[in-house]
Amino acid sequence: MPAQYDEIMNGASNGATNVMLQNGSTDHIVKVNNPYLQGQEDDFLYHFGISKNEAGGLKECFGDVKFVCTGGSPSRLKMYAELFHNDSGLPLSENLSRSDRFCMYKTGPILWINHGMGVPSMSIMLVETIKLLHYADAKDVCFVRIGTSGGIGVAPGTVIVSNGAINGLLEQKHIQFIKGNIVKRDAILDKTLCNDLYETASQLGIPVDRGLTLCADDFYEGQMRLDGAFCEYSSDDKFDFLRKLHSIGVRNFEMESTGFASMTHRAGVRGAIICVALLNRLNGDQVSIDKSCYHEYEMRPFRIISAYLRSLLTENING
Ligand SMILES: O=P(O)(O)O[C@H]1O[C@H](CO)[C@@H](O)[C@H]1O
Ligand SMILES: O=c1cc[nH]c(=O)[nH]1
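Rules and cut-offs
Residues numbered from 1 in each chain as written. Chains lettered and ligands numbered in written order. Predicted model: local features only at pLDDT ≥ 70, side-chain atom pairs only at ≥ 80, totals over all residues. Helix = DSSP H or I, 4+ residues; strand = E, 2+ residues; numbered from the N terminus. Contact = placed C-beta atoms within 7 Å. Near = placed C-beta within 6 Å. Nonpolar A, V, L, I, M, F, W, Y, C, P; charged D, E, K, R; others polar. Buried ≥ 20, exposed ≤ 12 C-beta atoms within 10 Å, placed from the backbone. Pairing = 2+ DSSP bridges. UniProt positions renumbered as here; feature names shortened; annotations may be inferred. Expected span 1.5 Å × (residues − 1). Axes fitted to C-alpha atoms, helices over the stretch in contact; angles between N-to-C directions. Parallel < 35°, antiparallel > 145°, perpendicular 65-115°, else oblique. Left-handed = near helix turned anticlockwise from the far one by under 90°.

A. How the structure looks around the overall build of the protein chain. A tally of helices and strands in the protein chain yields nine helices and twelve strands. Projecting the C-alpha coordinates of the protein chain onto the three principal axes gives extents of approximately 60 × 50 × 35 Å. The long-range fraction of contacts in the protein chain, counting pairs at least 24 apart against all pairs at least 6 apart in sequence, stands at 79%.

What follows is the structure, encoded as structure tokens:
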């Protein structure tokens, strides 16, 4: 058994990692819907370098997982895992991913995994994490994307709790191309989890707002920036579009939300997205904030999820 898995399992026996984050839900498995998986002896989760028949057993290593916290950057997610380890006192694993595509850290029942930029990258991570947790027999798992975004009509530094995710056609759907066809899937987030995270942010005094999130396929033209390599629309077109988005309740742009909302929904797990706005797109396009301000902003979604998770841990320990 590789040392890191051994360590996780030994960690699990110290009591702390056995704390359950039940979060009020019933005994829900992480669902897959693929009859071909049943006939497969083994399954190699290529982008993590982890096998279904892993020595040490996925159930022993990951069966206790209750939360998956995710965001794009590997170094940011590593930092979050380390900070949560300090905040909570839960043991911190080594990087459990054996591939350089994604990192994966475990603090008791919480996984910290990066997803890269955009839905295509994130969907690979989600598919393999969903299969991992399904094979591990994990129950009642929540997924939370904690990230950054471009705000629309909100002050920089505001954390937006998404109350829906829309694609570039302004539909609450994730669009896939399968078998030469367009397939649209409902993009559905968990209302209770979103409300809980909103309340936690308010209690912490972190500037917070709720709104729809537009999932763009790119950072520049898809978000109507005027500073890309290509721009075949006018400044007026940009502001008309941003004002239209604001009027229908959209408060930020990012690049993963519809895929995240539809895939977590299909897996039968609860999903929420909280992203800090790095800028107000009504005031500009360049993300040119200084390093310390960027750090302060990227810490806000983490402070919310950390406080929320610690409140659940305390509830479960005390009652
Ligand atoms: O939330 P994070 O990972 O920062 O991701 C956001 O930032 C990236 C673009 O800079 C996109 O992937 C967008 O969704
Ligand atoms: O403007 C922004 C900032 C972060 N992420 C985005 O996708 N857009």
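B. Focus on the site of ligand 2. In the neighbourhood of ligand 2, the contacting residues comprise Thr148, Ser149, Gly150, Phe219, Gln223, Phe253, Glu254, Met255, Leu278 and Val287. The element best represented in the shell around ligand 2 is strand S6 (residues 142-151), accounting for three residues. In the shell around ligand 2, the residues fall into five nonpolar, four polar and one charged.

C. Representation of the pairing of S6 within the structure. Most of S6 is tucked away: ten of the ten residues are buried. Across four bridges, the pairing between strand S3 (residues 67-71) and S6 is parallel. Within S6, the residue paired with Thr70 across the bridge is Arg145. Here S6 pairs with strand S12 (residues 270-280) via nine bridges, running parallel. By the bridge assignment for S12, Thr148 is matched with Val276. Note that S6 and strand S11 (residues 250-254) share two bridges and pair antiparallel. Bridge pairing links Gly151 to Asn252 in S11.

D. Spatial organisation of the UniProt feature "binding site: phosphate" (unreviewed entry) in the protein chain. Taking the numbering used here, the UniProt-annotated feature "binding site: phosphate" (unreviewed entry) corresponds to Arg101, Arg145, Ile146, Gly147 and Thr148. Residue placement: Arg145 occurs in strand S6. Among the structural elements, Gly147 can be located in strand S6. Every residue in contact with Gly147, bar those within four places of it in the chain, is listed here: Gly71, Gly72, Glu254, Cys275 and Pro301.

E. Layout of the UniProt feature "domain: Nucleoside phosphorylase" (unreviewed entry) in the protein chain. In the numbering used here, UniProt assigns the "domain: Nucleoside phosphorylase" (unreviewed entry) feature to residues 66-310. End C-alpha atoms of residues 66-310 are separated by 13 Å, and the span's content is 36% helix alongside 28% strand.

F. A look at the pairing of strand S5 (residues 110-114). Summarising burial for S5: five of the five residues are buried, a large majority. Taken together, the five bridges between S3 and S5 define a ladder with parallel strand orientation. Within S5, the residue paired with Val68 across the bridge is Leu111. Across four bridges, the pairing between strand S4 (residues 104-107) and S5 is antiparallel. Within the sheet, the bridge partner assigned to Met104 lies in S5 and is Ile113. Hairpin connection between S4 and S5: a loop of two residues separates the two successive antiparallel strands, and Gly108 in this loop has a positive phi of roughly 55 degrees.

G. Representation of helix H6 (residues 191-204) in the model. A rise of 1.5 Å per residue sets the reference length of H6, with its 14 residues, at 20 Å; its end C-alpha atoms lie 20 Å apart and thus fit the reference within 8%. Of the positions making up H6, those classed as buried are Leu193, Cys194, Asp196, Leu197, Tyr198, Thr200 and Ala201. Immediately downstream of H6, the backbone of Gly205 shows phi near 75 degrees, a positive value.

H. Here's a closer look at the packing of helix H5 (residues 119-135) against helix H8 (residues 257-266). Between H5 and H8, the shortest axis-to-axis distance is 9 Å and the interhelical angle comes to 25 degrees. Considered as vectors, H5 and H8 are oriented roughly parallel to each other. Here H5 runs over H8; the crossing is right-handed. Here Val119, Met122, Ser123 and Leu126 of H5 come into contact with H8, specifically with Gly259, Phe260 and Met263. Grouping the constituent residues of the contact of H5 with H8 by class yields five nonpolar, two polar and no charged.

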